[in-house]
Amino acid sequence: MRDDLAAWLLRCAHDGGSRRTSPASIRRDLDVFIRTYLPARTHARRPLEDTFDCPLAELGLLRGIGAGRFELRRGARPSLPARVVLFATLEFWRREAPDQRTLPLERLLYDPGSPGAAFRLDDRALVGMVEDLSGRWGVRYDETAGMRLLLRERECDPFDVLHDYYHGAAA
């Protein structure tokens, strides 16, 4: 997977007009990026300094699944404020479906630019955050007949949510 990603990045660079980008430099930059998020594995022949982790590895966003393979992990993000996720949800909704009063949970989880994709949230984490704030901000979760939806009961400016968060109002 690492080699596939390096090849894709090289194609993107060339498609964007960069002819000076080398495969070796892409691989080195990709290795640095991966080491930023992937915890180091201890190895007897590896120098001790190479086993130190970047603080971002503690986020658990990336997991090794074999030689040269890794995956982005979905799940709860305890340090991520619910109001920041709600802001991202309302912004996504405004941009992608402004006239709709309902939005399928799957879109909020997997569509490009969605809060689930951006923050790598699973469905339980996203639903939990929305339910924590539902009454106050006019958005609530509903699961009826197997349909998992967010319902917009009234309009809300996403920036009001951020303003509330950053000015210390209680959730």
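Preceding block: the structure.
Residues numbered from 1 in each chain as written. Predicted model: local features only at pLDDT ≥ 70, side-chain atom pairs only at ≥ 80, totals over all residues. Heavy atoms only, no water.

**Q** Got a minute to help me understand the pairing of strand 5 (residues 147-152) in this structure?
**A** Within a regular strand, side chains alternate between the sheet's two faces. Two elements, strand 3 (residues 102-104) and strand 5, share three bridges in a ladder whose sense is antiparallel. Counterpart to Thr 102 in the pairing with strand 5 is Leu 151. Judged from the six bridges that link them, strand 4 (residues 139-144) and strand 5 form a sheet pairing that is antiparallel. Paired with Val 139 across the strands is Arg 152, a residue of strand 5. Counted along the chain from strand 4 to the antiparallel partner strand 5, the turn is two residues long, and its residue Ala 145 has a positive phi close to 55°. (Pairing = 2+ DSSP bridges. Helix = DSSP H or I, 4+ residues; strand = E, 2+ residues; numbered from the N terminus.)

**Q** Hey, could you run me through the packing of helix 1 (residues 2-15) against helix 2 (residues 23-37) in this one?
**A** If you want to describe how two helices pack, look at the angle between their axes and the distance between the axes. Running from N to C, helix 1 and helix 2 point in directions that differ by 125°, and their axes come no closer than 9 Å. Between helix 1 and helix 2, the angle falls in the class oblique. For the element pair helix 1 and helix 2, the recorded crossing hand is right-handed. Of the residues in helix 2, those in contact with Arg 2, Leu 5, Ala 6, Leu 9 and Leu 10 of helix 1 are Pro 23, Ile 26, Arg 27, Leu 30, Asp 31 and Ile 34. A class-by-class count of the residues in the contact of helix 1 with helix 2 yields eight nonpolar, no polar and three charged. (Axes fitted to C-alpha atoms, helices over the stretch in contact; angles between N-to-C directions. Parallel < 35°, antiparallel > 145°, perpendicular 65-115°, else oblique. Left-handed = near helix turned anticlockwise from the far one by under 90°. Contact = heavy atoms within 4.5 Å. Nonpolar A, V, L, I, M, F, W, Y, C, P; charged D, E, K, R; others polar.)

**Q** In this structure, what is going on with the environment of Arg 2? I would like to understand it.
**A** Secondary-structure assignment places Arg 2 in helix 1. When the C-alpha atoms of Arg 2 and Ala 67 are compared, they prove to be 9.1 Å apart, with 65 residues separating the residues in sequence. Ignoring anything within four residues of it in the chain, the contact list for Arg 2 reads Leu 30, Asp 31, Ile 34, Gly 68 and Phe 70.

**Q** Where do I start with the nonpolar core in this structure?
**A** In this structure, Leu 105, Leu 121, Leu 126 and Leu 150 are the most contacted members of the largest nonpolar core, which totals 27 residues. Counting only elements with at least two residues in this core, the list comes to helix 3 (82-96), helix 4 (105-110), helix 6 (123-137), strand 4 and helix 7 (158-166). Beyond its immediate sequence surroundings of up to four residues, Leu 150 is in contact with Thr 89, Trp 93, Arg 101, Thr 102, Leu 103, Leu 105, Leu 108, Val 130, Val 139, Arg 140 and Tyr 141. Ala 6, Ile 26, Leu 62 and Phe 70 belong to the second-largest nonpolar core, a separate cluster that totals eight residues. (Core = buried A, V, L, I, M, F, W, Y, C linked by side-chain atoms within 4.5 Å. Buried < 20%, exposed > 50% of the residue type's maximum accessible area, 1.4 Å probe, protein only.)

**Q** Sorry if this is basic, but what is going on with the sheet that holds strand 5 here?
**A** Sheets are built from strands that pair by backbone hydrogen bonding, the pairs being arranged parallel or antiparallel. Spatial strand order, 3-5-4: three strands in an open sheet with antiparallel pairing. Two strands close off the open sheet at either side, each with one partner strand: strand 3 and strand 4. Between one strand axis and the next, the sheet turns through 30° on average, direction left out of account.

**Q** I'm lost on helix 1 in this one. Help?
**A** What sets the pattern is the α-helix's 3.6 residues per turn: residues three or four places apart point alike. A rise of 1.5 Å per residue sets the reference length of helix 1, with its 14 residues, at 20 Å; its end C-alpha atoms lie 20 Å apart and thus fit the reference within 8%. Of the residues making up helix 1, those classed as buried are Ala 6, Leu 10 and Ala 13. Looking straight down helix 1, one finds that the buried residues subtend no more than 60° of arc, so they occupy a single side. Facing away from the buried side of helix 1, by more than 90 degrees, are the exposed residues Asp 4 and Asp 15. The secondary structure elements touched by the buried residues of helix 1 are helix 2. Directly after helix 1, the chain includes Gly 17, whose backbone phi takes a positive value near 100°. (Expected span 1.5 Å × (residues − 1). Arc of directions from axis to C-beta.)

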